[in-house]
Amino acid sequence: MNDETAKGPDYSASLYLPKTEFPMRAGLPQREPEILRRWADIDLYGKLRAAGKGRRKFVLHDGPPYANGAIHIGHALNKILKDVVTRSQQMLGKDSNYVPGWDCHGLPIEWKIEEDNYRAKGKPKPELSDSAAMIAFRQECRAYADHWLSAQREEFKRLGVTGDWDHPYSTMSYNAEAQIAREIMKFASNGLLYRGSKPVMWSVVEKTALAEAEVEYEDHTSDTVWVKFPVNGFRFTDLPDALDDTAQALLDASVVIWTTTPWTLPGNRAISFSHKIAYGLYRITAAPENNWAKAGDLYVLADKLAAEVFRSAKIEAGGFERVTDVPALLLAGLTCAHPLASLGYGFDVPLLDGDHVTDDTGTGFVHTAPGHGREDFDIWMASGRMLAEREIDTRIPYTVDADGFYTQDAPGFEGRRVITDKGEKGDANEAVIKALAAAGNIIARGRLKHQYPHSWRSKKPVIFRNTPQWFIAMDKAQEGAGRNAPTLRDLALQAIKETRWVPAAGENRITGMIANRPDWVVSRQRAWGVPICVFVKKGGHDILRDEKVNARIAEAFEKEGADAWYAPGAAQRFLGPGYKADDYEKIDDVLDVWFDSGSTHAFTLEDAKHFPGLAGVNRIRDGGPDEVMYLEGSDQHRGWFHSSLLESCGTRGRAPYDVVLTHGFVLDENGRKMSKSLGNVVAPQTVIKDSGADILRLWVAASDYSDDLRIGKNVLADRKSTRLNSSHVAL
């Protein structure tokens, strides 16, 4: 074609289009930083506060992200959604103030310091029993958290989020640490804080107890065993004559249990059954040569599960017979010998009737180790009076130590290990199984792939371990509140009903969690956190309750931070002249970080000195016009929403929020979870560099936040097309 082709008339001059000084929306990666600088130059945040002064307040209280790395796409979704909400509420005529915050204490930061500053350099970890070493280590953790707080703040600002970025809250600020200390002191004062010995989820890798919110369930393959507990006697009162023969026959039988944790058998102290289940006495009539289950053996089993048990024990369908019924009345009076009796377990094992027992799987009987399971502990404690009457020792043994090794309370297995410090299976299971075989009390073994609790940080299995910890009681009324006063569980359940949940299904979810949760384990055996700053009288269990002591602690934390607790001479300093430090134990465990973040309402929404822009909130439930919203991902029903609810109800009798909104998670465009190994991770930094932050904001605004959101190249391309078409329409 000829380059000199004649050009037609230019019709553009004949089109009358509106003119605008707004530039075309190209070059956003370059233009957006200029826009952000202009907002800073004109103090846009300050102008919004001035414009909202005197209006009805809407406070979106920020759930604190963890200060330990660059932000990911989930952070971008969360912060942009919050910005959309706060901006829209401001435009609706409210004073909509957003104060960002950070969660800065906890194990992940400790781990990072240990790895980068010590292991990687071949240096030994500091001896934290030394005051100077403890404080120095904590200062390293503080510096690390401060670095990432600053880095994340710039990344969040780059997303175009408007807020009080110059005055954020952080759980490691001195005023926050002081208030967190005051909050745990309130629980000590109202009687809900106590030290007890209970089985808790314990991470051998991290060497600390874990809360339920710190645990996730992953596939795990466990050893399984079917174990005989030989009946060695019974104790009946008013036994009907018709049951005499059955009772006598049981003396030659064994109760069979099934467990996926053979290592807990040294901790066994009882067998649980259910009066709702039908049980029978079964005899083996034929068995393979050298089989563990032998001809003539008598077993007590749930009728529904008997055939499956015999199949596992290599007994064919015609190789066993049912002898007679075994009613619950007989079971309740039986005692058995421990299957490892010859190794030093020569005590009676009673049978306890428990609602947690089912005949869905296993044998219909549950091996009960009160030091290794919540339900085991509960039924053991509930049966204390009956056990004492039967002269059964009710002490719960400490069979496993903090490093996963058996203790002297597990005779015959001392030094064997349940889990290694790398989270791998130790030699405990095999040692127990071999001992059971040698004693002739195992009838089958196997392997089972199932869901098992793992630490969400280390991704390694945890164990239930009996250990002294600090708890907040869920089912105890506050001291001095009256006989029929509500418990913390009662208060929390009522507060849930008084809160608006968006979507509405969130109410049922958190209600179920609160209704069924155990007491809150708030202690951690770590270094980087706010200490459980209480004193306990030596030789007893009583917490010192003295407002002057509490005031000295809080005042010191305000000026020096929580490091003051670990300084030389801290005990006598805080106790003051009225007490002797030698008479008291200073508790050095730190608080669960969920208690930290659950207390943010106390040192942010209620602290007019440090956050004057949030002062004077008069909530609707108090007769005022103002609202407080919490907005996070749906996993926070078991996390921040949960801990904030319990902390506030335990200290203030109500929830800290009026509205709770949850959003879904971010998946790739094929609906898969993002993973580096799959190569499907979408980093917000990359999107911003290529297309600008506005494309992410458009993606959030155009998506259904209540469901999981998808993102990828094709999704972003669609959003770009939508943006350009919108620009053309506007022009």
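Residues numbered from 1 in each chain as written. Predicted model: local features only at pLDDT ≥ 70, side-chain atom pairs only at ≥ 80, totals over all residues. Heavy atoms only, no water.

## Considerations on the overall build of the protein
Quick note on the threshold: Each helix is a run of DSSP H or I of at least 4 residues and each strand a run of E of at least 2, with the numbering of both proceeding from the N terminus. Throughout, a contact is declared for two residues whenever any of their heavy atoms are within 4.5 Å. Per-residue and other accessible areas follow the Shrake-Rupley method at a 1.4 Å probe size, with only the shown protein chains counted as cover for residues. Neither His nor the chain ends is counted toward charge; the positive residues are Lys and Arg and the negative residues Asp and Glu. Positions of charges follow a simple convention, taking NZ of Lys, CZ of Arg, CG of Asp or CD of Glu.
The number of helices and strands found in the protein is 22 helices and 27 strands. The long-range fraction of contacts in the protein, counting pairs at least 24 apart against all pairs at least 6 apart in sequence, stands at 78%. In the form shown here, the protein has an accessible surface area of approximately 33,500 Å², with 51% of it arising from carbon and sulfur atoms. Mean positive and mean negative side-chain charge positions of the protein (91 and 101 charges, respectively) differ by 5 Å.

## So, the sheet that holds strand β5 (residues 193–203)
This is how the line gets drawn: Only strands joined by at least two bridges in the DSSP assignment are considered to pair.
Spatial strand order, β6-β5-β17-β19: four strands in an open sheet with antiparallel pairing. Every interior strand has two partners, whereas the edge strands, β6 (208–210) and β19 (520–521), have only one. In the sheet, strand β17 (residues 463–472) pairs with β19 via two bridges, with the strands oriented antiparallel. Pairing of Ile-472 across the sheet is with Trp-520, part of β19.

## Structural notes on helix α12 (residues 428–439)
What counts is decided by this rule: The span expected for a helix works out to 1.5 Å for each residue beyond the first. Only protein chains enter the accessibility calculation, which uses a 1.4 Å probe; a residue whose area is less than 20% of its type maximum is buried, one above 50% is exposed, and one in between is partly exposed.
In a regular helix each residue adds 1.5 Å, so twelve residues correspond to 16 Å; α12 covers 17 Å between its end C-alpha atoms and thus fits that length. Of all the positions in α12, only Ala-428, Asn-429, Ala-431, Val-432, Ile-433, Ala-435 and Leu-436 are classed as buried. Immediately beyond the C-terminal end of α12, within one or two residues, lies Gly-440, with a positive phi of roughly 75°.

## Some words on unusual backbone geometry
A cis amide bond, omega -5°, links Val-502 with the succeeding residue Pro-503. In this model, Asp-43 sits at a positive phi of 55°, which is unusual for a non-glycine residue. Of note, Asp-43 is situated in the loop between α1 (28–41) and α2 (44–52). The exposure class assigned to Asp-43 is partly exposed, which follows from its relative accessible area of 43%. Within the chain, Lys-207 stands out as a residue other than glycine whose phi angle is a positive 55°. On the basis of relative accessible area, Lys-207 is assigned to the partly exposed category, the value being 30%.

Note that all results are geometric; they support no functional claim without further evidence.
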